[in-house]
Amino acid sequence: MKRMQEKDIPAFVQDVVATGCDICAVSPSCYSLGDADVPRDKRRGLYKKLGEIDAHYGSRDHLRYQIAAHLASIGRYIDAPPKEEEAWIDNETPELAEVTPYDVAHFQTYAVLLMSEEMGLDWRKVARAILNIDPERQPERARRAWTSHLARARWLATRVRAASERSVWNSRPG
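Residues numbered from 1 in each chain as written. Predicted model: local features only at pLDDT ≥ 70, side-chain atom pairs only at ≥ 80, totals over all residues. Heavy atoms only, no water.

Below, the discussion takes up helix α3 (residues 64–73). Those residues of α3 not exposed but buried are I67, A68, H70 and L71. With its buried residues spanning 160° around the axis, α3 presents them on a single face. Contacts from the buried residues of α3 go to α1 (9–18), β1 (22–27) and β2 (30–34). Note on α3: the residue one or two positions beyond its end, G75, has a positive phi of about 85°. (Buried < 20%, exposed > 50% of the residue type's maximum accessible area, 1.4 Å probe, protein only. Helix = DSSP H or I, 4+ residues; strand = E, 2+ residues; numbered from the N terminus. Arc of directions from axis to C-beta. Contact = heavy atoms within 4.5 Å.)

Shown next, in the form of structure tokens:
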């Protein structure tokens, strides 16, 4: 399998941006491609272009820290507010059938919620630690936020998995 080289990162980012798809760092070790701003009628062509870019550059997971650092260096990052800002976590996530800026901003939150569920952690501990909502002080808000964010995380994971499978399927010869 072809592996992208570090020297190709700027060209990779430039090629992704040229498609109209947004790409930004969401942490020092993670970046995200987002099609939320691309008109629905242009997304089919977008996925084909992204598949071609993926095939051209090859596997790049081994460079995720370097890609995130490059994105941050050119101003393409999401600067999340500190966890102390309780209002940053909405009680409920958006219920749209597309990835939203809120989803992008909470990508890490969603990932941790999915991992916490897999590990069987108590939702109250997760609400306090990850959503920064005290379930003893605000039990209804904490449960509603935890339920909503976990459901959205599951939806997003399913969407990402389906997009990945389409990308793999579309990139296969014949």
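Next, the rest of the story.
Let us now look at the confidence of the model for the protein chain. For the protein chain, per-residue confidence averages 81 on the pLDDT scale, and 82% of positions sit at 70 or higher. Segment residues 81–88 is flagged for pLDDT under 50; beyond a separation of four residues in sequence, or across chains, it makes 14 contacts in the model. (pLDDT = per-residue confidence, 0-100.)

Across soluble globular proteins, you tend to see nonpolar side chains buried next to one another. In terms of nonpolar packing, the biggest core is built from 17 residues, with M4, F12, V16, I23, I67 and L71 touching the most fellow members. Mapped by element, the contributors of at least two residues to this core are α1, β1, α2 (43–57) and α3. With sequence-adjacent residues up to four places away left out, F12 is seen in contact with M4, I23, Y31, I53, Y57 and R60. Grouped together as the second largest cluster of nonpolar side chains are 11 residues, I130, L131, A145 and W146 included. (Core = buried A, V, L, I, M, F, W, Y, C linked by side-chain atoms within 4.5 Å.)

Per the stated rule, a full pass over the model turns up 9 salt bridges. Between R64 and D61 there is a salt bridge, with the nearest N and O atoms lying 3.7 Å from each other. Classification of R64 by relative accessible area gives partly exposed; the value is 32%. The partner of D122 in a salt bridge is R124, and the shortest N-O contact between them spans 3.3 Å. Since its relative accessible area comes to 29%, D122 is described here as partly exposed. On the basis of relative accessibility, which here comes to 41%, the residue R124 falls in the partly exposed class. (Salt bridge = Lys/Arg side-chain N within 4 Å of Asp/Glu carboxyl O.)

It is worth spelling out the environment of W155 at this point. With respect to the element layout, W155 can be found in helix α7 (residues 139–171). The partly exposed category is assigned to W155, whose relative accessible area is 27%. With residues up to four places along the chain from it excluded, the contact list for W155 reads L96, A97, E98, V99 and D103.

Moving on, we get to a nonpolar patch on the surface. Taken together, the side chains of M115, M119 and L121 define a hydrophobic patch exposed on the protein surface, amounting to about 330 Å² of accessible area. Relative to the assigned elements, M115 resides in helix α5 (residues 107–119). Taking the relative accessible area as the measure of exposure, M115 reaches 48% and is therefore partly exposed. (Patch = residues over 30% accessible without salt bridge, like charges linked within 9 Å, V, L, I, M, F, W, Y side chains within 5 Å. Areas by Shrake-Rupley, 256 points an atom, 1.4 Å probe, with all protein chains shown as cover.)

Right, let's get into the packing of aromatic side chains. Throughout the structure, instances matching the rule amount to 2 aromatic pairs. Arranged with centres 5.6 Å apart and planes meeting at 80°, the rings of F12 and Y57 form a pair that is edge-to-face. Note that F12 is positioned in helix α1 and Y57 in helix α2, a separation of 45 residues in sequence. Note on accessibility: F12 and Y57 belong to one class, buried. Between W123 and W146, the aromatic rings sit 5.9 Å apart at their centres with planes inclined by 40°, giving tilted as the arrangement. Here W123, found in helix α6 (residues 123–129), pairs with W146, found in helix α7; they are 23 residues apart in sequence, far enough to count as distant. Across this residue pair, the class does not change: W123 and W146 are buried. Just above the ring of W123 sits the side chain of R143; from NZ or CZ to the centre is 4.7 Å. Taking NZ or CZ as reference, R152 lies 4.2 Å from the ring centre of W155, over its face. (Phe/Tyr/Trp six-rings, centres within 6.5 Å; stacked < 30°, edge-to-face > 60°. Lys NZ or Arg CZ within 6 Å of the ring centre and 35° of its normal.)

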